[in-house]
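# Summary of structural features
Now for the letters of each chain:
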There are 2 protein chains.
Amino acid sequence: MEVTNAENQKVKVLEKIEEIVAGNPLADNCCPIKDIMGRFGDKWSVYTILMLGRKQRLRFNELKGLISGISQRMLTVTLRSLEEDGLVARTIYTEIPPRVEYELTELGQSLLLKLLDLADWAKQNSQQIMKARKRYASKGAPNTSSEV
Amino acid sequence: MEVTNAENQKVKVLEKIEEIVAGNPLADNCCPIKDIMGRFGDKWSVYTILMLGRKQRLRFNELKGLISGISQRMLTVTLRSLEEDGLVARTIYTEIPPRVEYELTELGQSLLLKLLDLADWAKQNSQQIMKARKRYASKGAPNTSSEV
DNA sequence: CTGAATCCCCTTCGATACTG
DNA sequence: CAGTATCGAAGGGGATTCAG
């Protein structure tokens, strides 16, 4: 009876995969996962979401300070993209000097949760990945014509 | 006393975030999430993992056919990267003609599960995102309020 | 202070041709 | 069949400048 458990798991996974690639063998322009991943899968979006998740509400330069390493341009671009997708809300205060604040929308917060899941996976498995890389570097290289 | 539930949630999220960014305000070279995301967050890795998850074991050109749109070069590069990280195993059969088969490792399969989670999110929220994009395009744009 | 626009490097990717 | 090598095009991303 324990077999069925594992088997069920597998079946579910396969079903999910089929769902994703359904009617989409070319996978180039209609797969939601690609579309979505393309948005927040980049270097800066993750950090931006993470930082906004941490502080709730931040001004442009505060954000810039927290993600240091990011250029002004990339932060602008990133925020625009996130805003466009409804993940981040921008509030403009027409004062002198001007003030603009950013915060996660509900949608953005739900994505944050998923990202944290992923981060968990990354954290739990980073050791193993590092080990794999070392192993690969030492003996797994492309031209190692090993057995079989 | 019911407040605590939602509050707890928030606290946990915050804790997780702190964990991730711990000792890493610059976030440029040591954050596991960036490192890992950088690996499989690209366009092709996701598909490759998905396809291998679906078919278990595939030859180079089979894979190439399934991910059509990918160039030979990118498939090679992608597979190397995944192999290096221990997510994909490569088996070489020294025959004529040569045969090479790829499959997910256990690690790769555990990542597959996470990717499916993400895909779920993407799927469930893609409508909302599309709506947000339309709204943004029509009225949220940077310069909407004024004319040149 | 926010952030839009320009310039430019430099990586990345695709196409092609070539080896084992 | 499964790769590697090379080259040219495209675009990401940084520094700087300008506007509101």
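Look up a bit, the structure's there.
Right, let's walk through the structure included here. As a convention, each chain's residues are numbered from 1 in the sequence order in which they are written. Lettering of chains starts at A and numbering of ligands starts at 1, both following the order in which they are written. Local features in this predicted model are restricted to residues of pLDDT 70 or higher, and side-chain atom pairs are both shown and tallied only at a pLDDT of 80 or more, whereas totals for entire chains, interfaces and linings draw on every residue. Just so you know, side-chain values use all the structure's heavy atoms and leave hydrogens and water out.

## With respect to the packing of aromatic side chains
Here a Phe, Tyr or Trp ring, Trp counted by its six-membered ring, pairs with any other such ring whose centre lies within 6.5 Å, and the pair is stacked when the planes are under 30 degrees apart, edge-to-face when over 60, and tilted otherwise. In this structure the tally under the stated criterion is 0 aromatic pairs over all chains. We count a charge as sitting over a ring when the NZ of a lysine or the CZ of an arginine lies within 6 Å of the ring centre and within 35 degrees of the ring normal. Above the plane of the ring of Y93(A) lies R99(A), whose end atom (NZ or CZ) is 4.1 Å from the centre.

## Details of the packing of helix α3 (residues 43–55) of chain A against helix α1 (residues 3–21) of chain B
Contact pair α3(A) / α1(B): the axes reach a minimum separation of 9 Å and the direction vectors enclose 130°. What the angle tells us is that α3(A) and α1(B) run oblique. Remark: the crossing between α3(A) and α1(B) carries left-handed chirality. Between α3(A) and α1(B), the contacting residues are L50(A), M51(A), G53(A) and R54(A) on the first element and L14(B), I17(B), E18(B), I20(B) and V21(B) on the second. Polar here means any residue other than Ala, Val, Leu, Ile, Met, Phe, Trp, Tyr, Cys and Pro, which are nonpolar, and Asp, Glu, Lys and Arg, which are charged; Gly is therefore polar. For the contact of α3(A) with α1(B), the residue count by class is 6 nonpolar, 1 polar and 2 charged. Working convention: axes come from line fits to C-alpha atoms, limited for helices to the stretch in contact. Angles between N-to-C directions cover 0 to 180 degrees. Counting from the N terminus, the helices are the DSSP runs of H or I reaching at least four residues and the strands are the DSSP runs of E reaching at least two. Any angle that falls under 35 degrees is termed roughly parallel, while one over 145 is termed roughly antiparallel, one within 65 to 115 roughly perpendicular, and all others oblique. In a left-handed crossing the near helix is turned counterclockwise from the far helix by less than a right angle, and in a right-handed crossing that turn is clockwise. Any two residues whose heavy atoms approach within 4.5 Å are treated as being in contact.

## Quick word on the protein's contact with DNA strand C
Surrounding DNA strand C, one finds 19 residues, the nearest of these being N61(A), Q72(A), R80(A), Y102(A) and M74(B). What makes a residue near a molecule or strand is one non-hydrogen atom of that residue sitting within 4 Å of it. Of what DNA strand C places within 4 Å of the protein, 64% of the atoms are sugar or phosphate. Any pair of nitrogen or oxygen atoms within 3.5 Å is treated as a polar contact; in protein, a donor-acceptor pairing is required on top of that, and neighbouring residues in sequence qualify only through side-chain atoms on both sides. One of the side-chain N or O atoms of R90(A) is found 3.2 Å from a phosphate oxygen in DNA strand C. Listed by contribution, the elements that provide at least two residues to the surface near DNA strand C are α4 (60–66), α5 (72–84) and β3 (99–104) of chain A together with α5 (72–84) of chain B. No other element matches α5(A), which puts 4 residues into the surface near DNA strand C. A per-class count over the surface near DNA strand C returns 9 nonpolar, 5 polar and 5 charged.

## Remarks on the pairing of strand β2 (residues 88–93) of chain B
Residue and element names in this part refer to chain B. Note: β2 against strand β3 (residues 99–104), 6 bridges, orientation antiparallel. Bridge pairing in β3 places R90 opposite Y102. Strands were regarded as paired on the criterion that DSSP finds at least two bridges between them. Hairpin connection, β2 to β3: the antiparallel pair is bridged by 5 residues.

## Considerations on the interface of chain B and chain A
Taken together, the contact between chain B and chain A spans 67 residues of the former and 66 residues of the latter. Interface of chain B and chain A: buried area, both sides summed, is about 6400 Å²; carbon and sulfur atoms make up 67% of it. Any carboxyl oxygen of Asp or Glu within 4 Å of a side-chain nitrogen of Lys or Arg constitutes a salt bridge here. Scanning the region where chain B abuts chain A turns up 10 salt bridges. Notably, a salt bridge pairs D117(A) with K16(B), separated by 4.0 Å at the nearest N-O pair. At the boundary of chain B with chain A, the tally comes to 12 residue pairs in polar contact (both at pLDDT 80 or more). Of all elements in the fold, only α1, α2 (32–40), α3 (43–55), α5, β2 and α6 (106–140) of chain B reach the threshold of two or more residues within the side of chain B that touches chain A. Note on definitions: buried area is the accessible-area loss of two parts on being combined, 1.4 Å probe, summed for both.

Read these as layout, nothing more, since geometry by itself doesn't imply function.
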